[in-house]
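# Structural overview
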Amino acid sequence: MEYSNMDAIDLQLLGWLQDDASRSNQWLAAQAGISPPTCLRRVRRLHESGLIERQVAILNPDRLAAVQGHGLACIVEVSLDRQGAEHMDAFEARAVAEPAVQQCWRVAPGPDFMLVVHTRDMPGYLAMAQRLFTADANVRNAKAFFSTKRAKFETKLPLAHDS
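Residues numbered from 1 in each chain as written. Predicted model: local features only at pLDDT ≥ 70, side-chain atom pairs only at ≥ 80, totals over all residues. Heavy atoms only, no water.

## Regarding a nonpolar patch on the surface
A cluster of nonpolar side chains, Val56, Ile58 and Phe153, forms an exposed patch at the surface whose accessible area comes to about 300 Å². Here Val56 is to be found in the loop between α3 (36–48) and α4 (61–68). (Patch = residues over 30% accessible without salt bridge, like charges linked within 9 Å, V, L, I, M, F, W, Y side chains within 5 Å. Areas by Shrake-Rupley, 256 points an atom, 1.4 Å probe, with all protein chains shown as cover. Salt bridge = Lys/Arg side-chain N within 4 Å of Asp/Glu carboxyl O. Helix = DSSP H or I, 4+ residues; strand = E, 2+ residues; numbered from the N terminus.)

As structure tokens, this is what we get:
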């Protein structure tokens, strides 16, 4: 479904929902200056159109690591030997199926993929690397950059009214 009638109120609703998707419909309606039923219809249309892909809880990895034990985050550059569409698609499918891979980006120029990976610890990373990189004969190189500090993490996309 396409959503082509987007106006300033829709952009405001998207902005508020990006900040905190648990806000009530009543709160959103009051902020936007519209009735709660109108607000609910607008938010439903934003969902149905695919502009709102999903709503999730964002966990704090440092606090989770303190509760569960260690946490390890890294960004991995992956270069393939063969870059034909079928080879790229095959690696991408394996990467997105791997639970430790949080994000998978095809990139150019340079490596073929950039992965954001979170594992419990170094043995967890090594097991994931064996499954995803070593076992794939088409992976030429995988270069990992391990996080020492998360300076910024944001999920919000810029909206037209944000300038």
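Next comes the rest of the write-up.
## Concerning the pattern of salt bridges
Close approach of charged atoms lets side chains of opposite charge pair. For the coordinates displayed, the defined rule picks out 8 salt bridges. The partner of Glu92 in a salt bridge is Arg106, with the nearest N and O atoms 2.6 Å apart. Taken together, the positions of Glu92 in helix α5 (residues 85–97) and Arg106 in strand β2 (residues 101–106) put the pair 14 residues apart, joining distant regions of the chain. We classify Glu92 as partly exposed; its relative accessible area is 29%. For Arg106, a relative accessible area of 39% translates into the label partly exposed. The residue Arg131 makes a salt bridge to Glu98 at a minimum N-O spacing of 2.7 Å. Remark: Glu98 occurs in the loop between α5 and β2 and Arg131 occurs in helix α6 (residues 122–134); sequence separation between them is 33 residues. On the accessibility criterion, Arg131 (44% relative accessible area) is partly exposed. Note on Glu98: relative accessible area 9%, which makes it buried. (Buried < 20%, exposed > 50% of the residue type's maximum accessible area, 1.4 Å probe, protein only.)

## Overview of the layout of surface pockets
Over the atoms, a rolling probe the size of a water molecule traces out where space has been left empty. Volume-wise, the largest pocket comes out at about 2100 Å³. Looking at the largest pocket, it is lined by 47 residues, and the ones nearest its centre are Ile58, Gln103, Phe153, Glu154 and Thr155. Mapped onto the lining of the largest pocket, the elements with two or more residues apiece are α1 (8–19), α4, β1 (72–80), β2 and β3 (113–119). (1 Å grid on protein atoms, 1.4 Å probe; cavity = no way out; pocket = protein on both sides within 12 Å on 5 of 7 lines; lining within 4 Å. Points joined across faces, edges and corners; volume = space filled by probe spheres on them.)

## Focus: the packing of helix α2 (residues 25–32) against α3
Think of two packed helices as two axes; the pair is described by the angle between the axes and how far apart they sit. Two elements in contact, α2 and α3, have axes separated by 8 Å at closest approach and are oriented at 105°. Taken together, α2 and α3 sit at an angle that is classed as roughly perpendicular. Where α2 abuts α3, its residues Asn25, Leu28 and Ala29 lie against Pro36, Cys39, Leu40 and Val43. Grouping the constituent residues of the contact of α2 with α3 by class yields 6 nonpolar, 1 polar and no charged. (Axes fitted to C-alpha atoms, helices over the stretch in contact; angles between N-to-C directions. Parallel < 35°, antiparallel > 145°, perpendicular 65-115°, else oblique. Contact = heavy atoms within 4.5 Å. Nonpolar A, V, L, I, M, F, W, Y, C, P; charged D, E, K, R; others polar.)

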